Amino acid sequence: MSEPLTFAVPKGRILDEALPVMARAGLVPESAFHDKGNRSLSFACERSDMRIIRVRAFDVATFVAFGAAQAGIVGSDVIEEFDFSELYAPVDLDIGHCRLSVAVPQDASAGQASKASHIRVATKYPNITHRWFEQQGVQAECIKLNGAMELAPSLGLAGQIVDLVSSGRTLKDNGLVETGTIMQVSARLIVNRAALKTDPRVAALVETFRALTAQEAA
């Protein structure tokens, strides 16, 4: 038990909302964490038995699933995409809300697109995308992109995209419209199943976050 627990947080949109929740749970990173010029990935925490790592959202899930980190925060989209058996998401933190949607060019016919038996889709979520279209009876060829999905239709890479949508402004600015919602997304506390069973500190962390979300909901 002498080794500190490693808590993984994602860079990007969720982090600003996650930090106040973490602070209420006693997870306050050192001041260097907030230094925009600091390129470190691992940081001390006010709790001496914890350290915080800041990585890409998909990597949060990987670090926790394989036990390199014992807990973390990530969007439910990432959890659904990977479906790691060693990943357990016991608490919905009710932050980071958005949706995972299908979008097509504004001048495309949604009716024609929905009738196609084979389509090409640009997305960061090939597993979710393939499963969803399969349920619609459509064979989806997924082109994996890590960003700039909105460019794919205009450049002929794919006829549709699947991406996270919040306000919809980015889609509109790039001439795209939503045609379907695959899932609603929110941030979750995730833990490594083995660590939850073997380290009481992980179980205590889960109960702390669970109590916090219950207070917020009351």
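Just so you know, these numbers come straight off a predicted model, no measurement behind them.

Calculation criteria
- Residues numbered from 1 in each chain as written.
- Predicted model: local features only at pLDDT ≥ 70, side-chain atom pairs only at ≥ 80, totals over all residues.
- Heavy atoms only, no water.
- Buried < 20%, exposed > 50% of the residue type's maximum accessible area, 1.4 Å probe, protein only.
- Helix = DSSP H or I, 4+ residues; strand = E, 2+ residues; numbered from the N terminus.
- Contact = heavy atoms within 4.5 Å.
- Polar contact = N/O pair within 3.5 Å; in protein donor to acceptor, adjacent residues only side chain to side chain.
- Pairing = 2+ DSSP bridges.
- Axes fitted to C-alpha atoms, helices over the stretch in contact; angles between N-to-C directions.
- Salt bridge = Lys/Arg side-chain N within 4 Å of Asp/Glu carboxyl O.

1. Thoughts on helix α1 (residues 15-24)
Logical step 1: Those residues of α1 lying buried are Leu 15, Ala 18, Leu 19, Val 21 and Met 22.
Logical step 2: Turning to α1, the residues buried within the fold contact β1 (5-10), β3 (50-55), β4 (71-75) and α9 (200-217).
Logical step 3: Just downstream of α1, Gly 26 is the residue with a positive phi angle, here 90°.

2. As for the environment of Gln 136
Logical step 1: With respect to the helices and strands, the residue Gln 136 is situated in the loop between α5 (126-135) and β8 (139-144).
Logical step 2: Here Gln 136 falls in the partly exposed class, since its relative accessible area comes to 44%.
Logical step 3: Each C-alpha atom, one on Gln 136 and one on Pro 29, is 45 Å from the other, the two residues being 107 residues apart in sequence.
Logical step 4: Polar contacts involving the side chain of Gln 136 include one to the main-chain carbonyl oxygen of Trp 132, which spans 3.1 Å.

3. Topic: the sheet that holds strand β11 (residues 187-192)
Logical step 1: Pairing in this open sheet of 6 strands is mixed, and the strands run β2-β3-β1-β4-β11-β5 from one edge to the other. The sheet is open, and its two edges are formed by β2 (42-44) and β5 (87-92), each paired on a single side. Strand-to-strand, the axes of this sheet are offset by a mean angle of 30°, without reference to chain direction.
Logical step 2: Direction of pairing for β5 relative to β11: antiparallel, over a ladder of 4 bridges. Of the residues in β11, the one forming a bridge with Asp 92 is Arg 188.
Logical step 3: In the packing of α9 onto the sheet, the strands contacted are β1, β3, β4, β5 and β11, and the crossing angle to β5 comes to about 30°.

4. Remarks on the pattern of salt bridges
Logical step 1: Counted under the stated rule, the structure contains 8 salt bridges.
Logical step 2: For Asp 173, the salt bridge goes to Arg 169, with nearest N and O atoms at 3.1 Å. Of the two residues, Asp 173 and Arg 169 are both situated in helix α7 (residues 169-173); the distance of 4 residues between them amounts to about one turn of the helix. Take Asp 173 and Arg 169: they sit in the same class, and that class is exposed.

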